[in-house]
Amino acid sequence: MIEGRKNILAWFESTGFAYWFIYPGKATDGGNWTAKSSESETATPGTALHELERTLQLLSGGAFTLVSCSVPKAVPKGMYKVEIRLSALEGQQQPMQAVAPTISGVPEDQVEKRIQQAVDAAMTRVKMEQLERENKELKAELSEHEKTNPWNRIGNIIADIAPAVLPSIVGSNAAPVAKVAGLHAVEPQAGATPAPAAEPATAETLTADQQKLENVIAIFSSIDPEGWLDKLETIAKKVQQKPSLLNMINLL
């Protein structure tokens, strides 16, 4: 006797036949079968196995005789038969489909992947916020540096310094300061005699003049690191108002 649906299906599959009959108890004569396979001529061992599996799911528990044959007729020749038994738990029950375990509706095999994705997104957001803060801090530092940079302040007052200082640096015949973006050229007064045109400054002259101006700034800043530029601006404005003050330098 074979017990259990799985063992019964394995036995029938091993016979290789395409037809079968199930009889109640041990009796296999008289044509009183309980269930049988399809009588189709195109039946195969595979289709017969599938039909037997569905039938065993519908049968209630009990003892039966299974006949496997090569033709769709219950004949004594060319067949195999075996006593089978189904438990009440196997009869009339559909197999339960395996349900993949989930966590909050997410398949278990996807949980770790989802967590990693969430962590990566959070880390990216933190990095972006950190970069934004650092960028703001750098901009603030740069802005403060530009405000306190003496060279930037020189650019703001150079228009006041240049008319009085440049003649003493490049010579009295220097041409008036030309208008450039951010600077104010000194316009000649009405009736004044125009200054003679100066020779174009050479690269060497400009380099030397720049060096002189840098030396002047270095001297002032070494004496008064905090207020030298304000004092230099005051001097320039005084000289601008009264250019004859420059003659005092010759008396020192």
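For clarity, every value in this text was computed on a predicted model and none was experimentally measured. (Residues numbered from 1 in each chain as written. Predicted model: local features only at pLDDT ≥ 70, side-chain atom pairs only at ≥ 80, totals over all residues. Heavy atoms only, no water.)

1. Some points on the overall build of the protein
Consideration 1: A count of helical and extended segments in the protein gives seven helices and seven strands.
Consideration 2: Counting helices and strands in the order they occur from the N terminus, the protein gives β-α-β-β-α-β-β-β-β-α-α-α-α-α.
Consideration 3: Here the protein holds 252 residues, and 21% of them are scored as buried.
Consideration 4: Sequence-distant contacts, at least 24 apart, represent 65% of the contacts inside the protein between residues at least 6 apart.
Consideration 5: Here the protein has roughly 18400 Å² of accessible surface; of this, 57% comes from carbon and sulfur atoms. (Helix = DSSP H or I, 4+ residues; strand = E, 2+ residues; numbered from the N terminus. Buried < 20%, exposed > 50% of the residue type's maximum accessible area, 1.4 Å probe, protein only. Contact = heavy atoms within 4.5 Å. Areas by Shrake-Rupley, 256 points an atom, 1.4 Å probe, with all protein chains shown as cover.)

2. Some words on helix 2 (residues 45-58)
Consideration 1: The end-to-end C-alpha separation of helix 2 is 20 Å, in line with the 20 Å expected for 14 residues at 1.5 Å each.
Consideration 2: Every buried residue of helix 2 is listed here: Ala48, Leu52, Thr55, Leu56 and Gln57.
Consideration 3: Summarising the contacts, the buried residues of helix 2 are in contact with helix 1 (5-15), strand 2 (19-24), strand 3 (35-36), strand 4 (62-69) and strand 5 (79-86). (Expected span 1.5 Å × (residues − 1).)

3. So, the side chain of threonine 55
Consideration 1: Positionally, threonine 55 belongs in helix 2.
Consideration 2: Engagement of the side chain of threonine 55 in a polar contact is seen with the backbone oxygen of glutamate 51, the distance being 2.9 Å.
Consideration 3: Beyond its immediate chain neighbours, meaning those up to four positions away, threonine 55 contacts Trp20, Ile22 and Ala35. (Polar contact = N/O pair within 3.5 Å; in protein donor to acceptor, adjacent residues only side chain to side chain.)

4. Focus on the pattern of salt bridges
Consideration 1: Evaluated as defined, the whole model comprises four salt bridges.
Consideration 2: Note that lysine 231 is salt-bridged to aspartate 224, the shortest N-O span being 2.7 Å.
Consideration 3: Judged by its relative accessible area of 47%, lysine 231 is partly exposed.
Consideration 4: Ionic pairing is found between lysine 237 and glutamate 233, a salt bridge with its closest N-O pair at 3.4 Å. One end of the pair, lysine 237, and the other, glutamate 233, are both in helix 6 (residues 228-241), four residues apart, so they sit about a helical turn from each other. (Salt bridge = Lys/Arg side-chain N within 4 Å of Asp/Glu carboxyl O.)

5. Topic: the sheet that holds strand 4
Consideration 1: Strands sit in the order 1-5-4-2-3 across an open sheet of five strands; the sheet is mixed. Two strands close off the open sheet at either side, each with one partner strand: strand 1 (2-3) and strand 3.
Consideration 2: Both strand 2 and strand 3 contribute to a ladder of two bridges, which runs antiparallel. By the bridge assignment for strand 3, isoleucine 22 is matched with alanine 35.
Consideration 3: Its contacts with the sheet place helix 1 against strand 1, strand 2, strand 4 and strand 5, and it is angled at close to 175° to strand 5.
Consideration 4: Taken strand by strand, helix 2 contacts strand 2, strand 3, strand 4 and strand 5, and its axis lies near 25° from that of strand 2. (Pairing = 2+ DSSP bridges. Axes fitted to C-alpha atoms, helices over the stretch in contact; angles between N-to-C directions.)

6. Quick look at the packing of aromatic side chains
Consideration 1: A full pass over the atoms with the stated rule returns two aromatic pairs.
Consideration 2: Relative to tyrosine 23, the ring of phenylalanine 21 lies with its centre 6.2 Å away and its plane at 25°, an arrangement referred to as stacked. Each member of the pair, phenylalanine 21 together with tyrosine 23, is buried. (Phe/Tyr/Trp six-rings, centres within 6.5 Å; stacked < 30°, edge-to-face > 60°.)

7. A closer look at the packing of helix 1 against helix 2
Consideration 1: Their axes nearest at 10 Å, the elements helix 1 and helix 2 cross at an angle of 160°. Judged on the interaxial angle alone, helix 2 and helix 1 are roughly antiparallel. For the element pair helix 1 and helix 2, the recorded crossing hand is right-handed. Facing Arg5, Ile8, Leu9, Phe12 and Glu13 of helix 1, the residues of helix 2 in contact are Pro45, Ala48, Leu49, Leu52, Glu53, Leu56 and Gln57.
Consideration 2: Here the contact of helix 1 with helix 2 is built from residues that sort into eight nonpolar, one polar and three charged. (Parallel < 35°, antiparallel > 145°, perpendicular 65-115°, else oblique. Left-handed = near helix turned anticlockwise from the far one by under 90°. Nonpolar A, V, L, I, M, F, W, Y, C, P; charged D, E, K, R; others polar.)

8. Some words on the environment of methionine 1
Consideration 1: The topology assignment puts methionine 1 in the segment before strand 1.
Consideration 2: Look at methionine 1 and you get exposed, because its relative accessible area is 53%.
Consideration 3: Residues methionine 1 and alanine 63, spaced 62 residues apart in sequence, show a C-alpha to C-alpha distance of 9.2 Å.
Consideration 4: Those residues in contact with methionine 1 that lie beyond four places of it in its chain are Glu83, Ile84 and Arg85.

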